[in-house]
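Read off the chains here:
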Amino acid sequence: MIDAWVAFGFGAVVAQRVWELRLARSNAGRIRRAGGYEVGASHYPAIVALHVCFFAGALLEYGLRTPDRLPPWFATTLAAFLLLQAARLWCIRTLGMYWNTRIFVVPGMRPIRRGPYRWLRHPNYAIVTLEFVCFPLLFGCVFAALLFPLLNLLVLRRRIAVEERALLAASARI
């Protein structure tokens with residue numbers, strides 16, 4: 001029973017990520033047609049590698065543990081994870097065609113300040129970091145829940161710096 005739940009959980013989240021990559025590719029085309037361009041592509045492979053290792057690492061940890069039941073914090077963590085998914089969709093909807101897994105800039109465009117971006121400069125990055133905690137905890141993978149958020153913060157440190165410089169330069173051209 002638990003293995004079926006794990007397979008469903010991993011499958012659903014991986015399917016969501018594949019959908020997001022397709023959306024990002026579509027949005028990239030729209031942004032380019034609007035005169036936008038990509039910046040910071042050199043660090044993108046590190047982000048992809050981190051996400052692949054995240055899923056592989058959590059699955060490996062689960063396999064090594066071979067639990068016979070869900071962890072006692074499952075219901076709380078599932079509720080938190082589902083709220084994070086709603087927040088992720090709010091970010092995607094708020095940014096519209098400008099949402100992407102890569103960094104794109106449209107010259108003269110100011111940063112969006114509505115939706116969750118009213119309160120946080122980079123809410124999607126906060127959500128991903130919290131997902132890196134919650135998702136492995138659903139399956140009792142405590143090591144992955146500790147390791148991958150820290151690795152994500154290291155990658156985000158560079159990404160956010162690149163993104164901030166690019167947004168500042170683009171909005172200065174107004």
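That block above? That's the structure.
The present account deals with the structure reproduced in this document. Since the structure is predicted, the reported quantities are computational estimates derived from the model, not experimental observations.

**Section: the environment of R25**
And then number 1: Of note, R25 is situated in helix α1 (residues 2-33).
And then number 2: You can call R25 exposed: its relative accessible area is 64%.
And then number 3: Along the backbone, R25 and T101 are 76 residues apart, and their C-alpha atoms lie at a distance of 8.7 Å.

**Re the pattern of salt bridges**
And then number 1: For the coordinates displayed, the defined rule picks out 7 salt bridges.
And then number 2: Among the salt bridges present, the one from E131 reaches R17, with a minimum N-O distance of 2.7 Å. With E131 in helix α4 (residues 123-138) and R17 in helix α1, this pair connects stretches of sequence that are 114 residues apart. Assigned by exposure class, E131 and R17 land together as buried.
And then number 3: For the salt bridge of E38 with R32, the shortest nitrogen-to-oxygen distance reads 3.7 Å.
And then number 4: Judged by its relative accessible area of 25%, E38 falls in the partly exposed class.

**A few points about the packing of helix α2 (residues 44-65) against α4**
And then number 1: Running from amino to carboxyl end, α2 crosses α4 at an angle of 15 degrees, the nearest separation of the two axes being 10 Å. Classified by the angle their axes make, α2 and α4 are roughly parallel. Classified by chirality, the crossing of α4 by α2 is right-handed. Here L50, H51, F54, F55 and A58 of α2 lie close against α4, whose contacting residues are V128, E131, F132, F135 and P136.
And then number 2: For the contact of α2 with α4, the residue count by class is 8 nonpolar, 1 polar and 1 charged.

Definitions and cut-offs
Residues numbered from 1 in each chain as written. Predicted model: local features only at pLDDT ≥ 70, side-chain atom pairs only at ≥ 80, totals over all residues. Heavy atoms only, no water. Helix = DSSP H or I, 4+ residues; strand = E, 2+ residues; numbered from the N terminus. Buried < 20%, exposed > 50% of the residue type's maximum accessible area, 1.4 Å probe, protein only. Salt bridge = Lys/Arg side-chain N within 4 Å of Asp/Glu carboxyl O. Axes fitted to C-alpha atoms, helices over the stretch in contact; angles between N-to-C directions. Parallel < 35°, antiparallel > 145°, perpendicular 65-115°, else oblique. Left-handed = near helix turned anticlockwise from the far one by under 90°. Contact = heavy atoms within 4.5 Å. Nonpolar A, V, L, I, M, F, W, Y, C, P; charged D, E, K, R; others polar.

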